[in-house]
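Each chain, letter by letter, is given below.
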Amino acid sequence: MSFSNCARALRLSIFMTFLLAAMAGNFFQDVDINFGGPRAQILDGGQVLTLSLDNSSGSGFQSKNECLYGRFDVKLKLIPNNSAGTVTTFYLSSPAGPAHDEIDFEFLGNASGQPYTVHTNIYAQGKGDREQQFRLWFDPTSAYHTYTILWNPLRIIFLVDNIPIRVFNNYEANGVPFLKNQAMRVYASLWNADDWATQGGRVKTDWTKAPFTASYRNYNANGCVVSASGNSCNGVLNNQPWQTQGLDANGRNRIRWVQESYMIYNYCADGKRFPQG
């Protein structure tokens, strides 16, 4: 390659690096604060968003865009110390209604020295009751960790630091509703749920510890953005990996490890709630 060609390649590489950086998630550009007013703060030029809860209100945000399928990532650092009664969330939801769709990550607070519970659930056409719960294999309050919802026509995958913890496959052929017709926004919130969140509501929120604060960063939504007029893709996706992603052999081994070691509740095994299976 000639010197001039090398120079052009270098300039192109620098430009592409700048372009990718410019396209990285920015909370100012990507989300709206939807409740809590000043309790939600966008910091560091849009790179960090904090949500706080006091005894007057929680706070939350929602994405500006709606997507029909995609991969949605955020780094999250949860409330340290005594967070009993609080719920921190990262989830997808279609507009509220009797047939709404939803994919939930909910982090249930804890009394000091006790682990967080990661609560996952899926609503398809208004029907939920598909809970699975996990502990984590690290302290989620001491550093940021990445939580991912991957949603394609074949399956939904929940990942923590790119390790799959749960898969919900499309079994429409067997009469199980799947999430495929309703575009969804990304939401996050921090709110008080001490009637159920910690030990079934036995441990209440200690408001002397307020305000409680969780911190989000590195938000990225890579999905099929829909127009305001309907639930169809607006643009070309160019065969993104998430569109058909499943679990390879390594992924199957990792999800088996998580579910054998850290799952604490599985609706599929709850014979009291679902005696008919």
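Along every chain, residues carry numbers that run from 1 in the direction the sequence is written. Local features in this predicted model are restricted to residues of pLDDT 70 or higher, and side-chain atom pairs are both shown and tallied only at a pLDDT of 80 or more, whereas totals for entire chains, interfaces and linings draw on every residue. Hydrogens and water molecules were not included; the side-chain quantities draw on all heavy atoms of the structure.

### Some words on the UniProt feature "active site" (unreviewed entry) in the chain
Stage number 1. The positions that UniProt labels "active site" (unreviewed entry) are, in the present scheme, E102 and E106.
Stage number 2. Here a strand is any run of E in DSSP of at least two residues, a helix any run of H or I of at least four, and the numbering for each starts at the N terminus. Mapped onto the elements of the fold, E102 is located in strand β7 (residues 102–108).
Stage number 3. Contacts are residue-level and defined by heavy atoms, with any inter-residue pair within 4.5 Å sufficient. If we ignore the near neighbours within four places in the chain, the residues touching E102 are Y91, L92, S93, N121, I122, Y123, L179 and M184.
Stage number 4. In protein, a polar contact requires one atom able to donate a hydrogen and another able to accept it; more generally it is a pair of N or O atoms within 3.5 Å, and residues adjacent in sequence count only if both atoms are side-chain atoms. Among the polar contacts listed, one links the side chain of E102 to the side chain of H100, at a separation of 2.8 Å.
Stage number 5. Take E106: it is sitting in strand β7.
Stage number 6. Buried means the residue's accessible area, taken with a 1.4 Å probe over protein chains only, is under 20% of the maximum for its type, while exposed means over 50%, and partly exposed covers the values in between. Judged by relative accessible area, which is 14%, E106 ranks as buried.
Stage number 7. For E106, the residues in contact, after removing those within four places along its chain, are V87, T88, T89, T117, V118, H119, W191 and W196. UniProt positions are given in the numbering used here, feature names are shortened, and annotations may be inferred rather than shown by experiment.

### What about the sheet that holds strand β11 (residues 155–160)?
Stage number 1. When DSSP finds two or more bridges between a pair of strands, those strands are recorded as paired. The seven strands lie next to each other as β2-β3-β14-β5-β10-β11-β12, forming an open sheet whose pairing is antiparallel. Of all strands in the sheet, those bounded by a partner on one side alone are β2 (40–43) and β12 (163–169). On average, each strand axis in the sheet is tilted by 20 degrees relative to the strand beside it, whichever way the strands run.
Stage number 2. Relative to strand β14 (residues 212–225), strand β3 (residues 48–53) is paired through six bridges, and the arrangement is antiparallel. Along β14, the bridge assignment pairs L53 with F212. As a rule, the C-alpha atoms of each element are fitted with a line to give its axis, helices using only the stretch in contact, and angles between N-to-C directions run from 0 to 180 degrees.

### Regarding unusual backbone geometry
Residues other than glycine predominantly adopt negative phi, and peptide bonds predominantly adopt the trans conformation.
Stage number 1. For the bond from A210 to P211, the omega torsion is 5 degrees, close enough to zero to count as cis.
Stage number 2. One can find P211 in the loop between β13 (185–192) and β14.
Stage number 3. Positive phi outside glycine occurs at N81, with the angle close to 60 degrees.
Stage number 4. If you trace the backbone, N81 turns up in the loop between β5 (67–77) and β6 (86–93).
Stage number 5. Looking at N81, the relative accessible area reads 62%, which means it is exposed.

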